[in-house]
Amino acid sequence: MKRIGIVLPIFSLPSGPEGVALGDVGRYLEFLDSCGVHLWQILPLNPTDVHGSPYGSYSLNGGNLAFLDEALLEQEGLFAPGAFRFSALKEERLLQGLRLGEVAQLPGYREFRKKPWALATALYRHFMALYGTGDVRQWGEEGDFKRALEWAAAPEVEAHLALEFLFHRQWGQVMDFAHSLGISIVGDLPYYPGKFSVEAWAFPGDFKLEDGRILASGGVPPDGFSQEGQYWDTPVYDQEAMAQNGHAMWRERISEALERFDYVRLDHFRGLDQVFEIPAGKSPRQGHWQPVAGLEILEGFSRERLLAEDLGFLDESFHSFARKAGIRGMEVMVFEDGSAPPRPEKVYYTGNHDTESLAQFAKRAQSMDHWRKKLPQVNRAQLLTEALHRENSWVMVQHVDFFDGTEDFRINTPGTSRGNWRAKIGPQLMGREARDIIKSTVRKAGRK
């Protein structure tokens, strides 16, 4: 069956000044169902970094509490509005109004509380709020994770743990509603945590760190996204140490993601064959590749439920690894130059979170020989039609790519830190006319 999916972050949904809450997501799921689209790809649900990016999180398993829905909690008697109801600090408001006793009685809470990553995230959030920084080196004795475990039963930490539980509970309700409509959700698993993270604090031996200092950073060499390459300023994994513990952190993260989503996109899949290490403070041009035991990491996981973000610099070593891994990769229309043959076994994207909208790309494509020869007219509509009639079993389309006048929509521009991770669609792009446009386009393409 040829499927069509829509790519849109949760934060891009129309919302009021408080932002999108998980309770709002149901309206979008109903919209997708009315359009005949039953596959939705989102960005990571974990907390974001200071720039709003979900790919530099302080907790790769944690939830983004900005999406937690207070109104739903209040309806269930789990949250008392109180004096902090209209505070600008949502997490503080949630902590003050939380009815911890009621949350502790909810089914599943005791089991959730035993998850090591959940407790570590709660401790981290508590000390980050207490000290005003995520740099554990400034936390005094609490900077020692084993020392911090003595706080595990403190009410303040318990409250953070309860919020984490409530986030994942609400997300579970979103997934249940999606399934009731026959909609599958594609989640996203970042490769690295941020510079200061729960993972590096609780499991420092899994990273190339020395007294909290980064010895080598992740990144990529110069490629199609950046002529200078990218320096991510995040500690790389210590591959030898991780091999000794059976890649426990990696395997736990993949397992957790597969519990939360129907499909999981593995970000920076290149890094499961070889990872690019850049000595701290050096440029990407001074980096080198380090082998990774990716097949061991992936052993036992369902290949059908995994997608590989296999873009960027790819060599024969990677292609050999990818064939053995047997996971669907991706092709992106905006990167095509006509030199490579189509790959029907891959998931085909009009664009992803790092590219411009199709309406914007159409302007560039008008000057490309490949597209001028291929299409009668090089515009957004013709490019979309070309994508939807590919032989690929899955075609993923950014929500805005169905509509003209969406040139300004862009989720992220790699290599920059300003103006990203805040793009929104207007309410009109979820209205009746928008529904009819998407529904008609999907039907004409013979996709479901």
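Here, every reference points to the structure presented above.
All of these numbers come straight from a predicted model, not from anything done at the bench. In this convention, every chain numbers its residues from 1, walking through the sequence in written order. Owing to the predicted nature of the model, reporting of local features is limited to residues with pLDDT of at least 70; listing and counting of side-chain atom pairs is limited to 80 or more, with chain, interface and lining totals taken over all residues. Hydrogens are left out, water is left out, and the side-chain values use all remaining heavy atoms of the structure.

Participant: Got a sec to walk through the environment of Ala381? Specific residues and values, please.
Facilitator: Segments assigned H or I by DSSP are reported as helices when at least four residues long, segments assigned E as strands when at least two residues long, and all are numbered from the N terminus. In this structure, Ala381 sits in helix H16 (residues 380-388). Residues Ala381 and Lys90 lie 291 residues apart in sequence; the distance between their C-alpha atoms is 41 Å.

Participant: Help me get a handle on helix H3 (residues 90-97), residues and values and all.
Facilitator: Those residues of H3 that fall on the buried side of the exposure criterion are Lys90, Arg93, Leu94 and Gly97. In a view along the axis of H3, the buried residues occupy a sector of 100 degrees, so they form one face of it. Three labels apply to residues, based on accessible area from a 1.4 Å probe with only protein chains included: buried if under 20% of the type maximum, exposed if over 50%, partly exposed otherwise in between. By construction, the arc corresponds to the directions joining the helix axis to the C-beta atoms.

Participant: For the packing of H3 against helix H8 (residues 155-180), give the residues involved together with the corresponding values.
Facilitator: Contact geometry for H3 and H8: axes closest at 10 Å, N-to-C directions at 105 degrees. The orientation of H3 relative to H8 falls into the category roughly perpendicular. Contacts from Glu91, Leu94 and Leu95 of H3 reach H8 at Ala159, His160 and Leu163. Under the grouping applied here, Gly and all other residues not named as nonpolar or charged are polar, the nonpolar ones being Ala, Val, Leu, Ile, Met, Phe, Trp, Tyr, Cys and Pro and the charged ones Asp, Glu, Lys and Arg. Here the contact of H3 with H8 is built from residues that sort into four nonpolar, one polar and one charged. Orientation is described by axes fitted as lines to C-alpha atoms, over the contacting stretch for helices, and by angles from 0 to 180 degrees between their N-to-C directions. For classification purposes, angles smaller than 35 degrees are called roughly parallel, those larger than 145 roughly antiparallel, those between 65 and 115 roughly perpendicular, and all remaining angles oblique. Contacts are assigned to residue pairs with any non-hydrogen atoms lying within 4.5 Å of each other.

Participant: Describe the layout of surface pockets, naming the residues involved and giving the relevant values.
Facilitator: Space inside the second largest pocket adds up to approximately 960 Å³. Cavities and pockets were defined on a 1 Å grid built from protein atoms only: a cavity is a group of points that admits a 1.4 Å probe but offers it no way out, a pocket is an open group of points flanked by protein on both sides within 12 Å along at least five of seven lines, and a lining residue is one with an atom within 4 Å of any such point. In this structure, the second largest pocket is lined by 36 residues; those nearest its centre are Met330, Glu331, Ala340, Arg343 and Lys346. Every element with two or more residues in the lining of the second largest pocket is listed here: helix H13 (316-325), strand E12 (330-332) and helix H15 (369-374). Sorting elements by how many residues they give to the lining of the second largest pocket places H13 first, with four residues. When its residues are assigned to classes, the lining of the second largest pocket shows 15 nonpolar, eight polar and 13 charged. Grid points are joined across faces, edges and corners, and a volume is the space filled by probe spheres set on the points.

Participant: Residue-level account of the pairing of strand E6 (residues 216-220), with values.
Facilitator: A large share of E6 lies buried, amounting to five of its five residues. Residues of E6 alternate between two faces, with Ala216, Gly218 and Val220 on one and Ser217 and Gly219 on the opposite face, all of them buried. Summarising the sheet, E6 and strand E9 (residues 274-279) pair through three bridges and their orientation is antiparallel. Paired with Gly218 across the strands is Glu277, a residue of E9. Note on pairing: DSSP must find at least two bridges between two strands before they are called paired.

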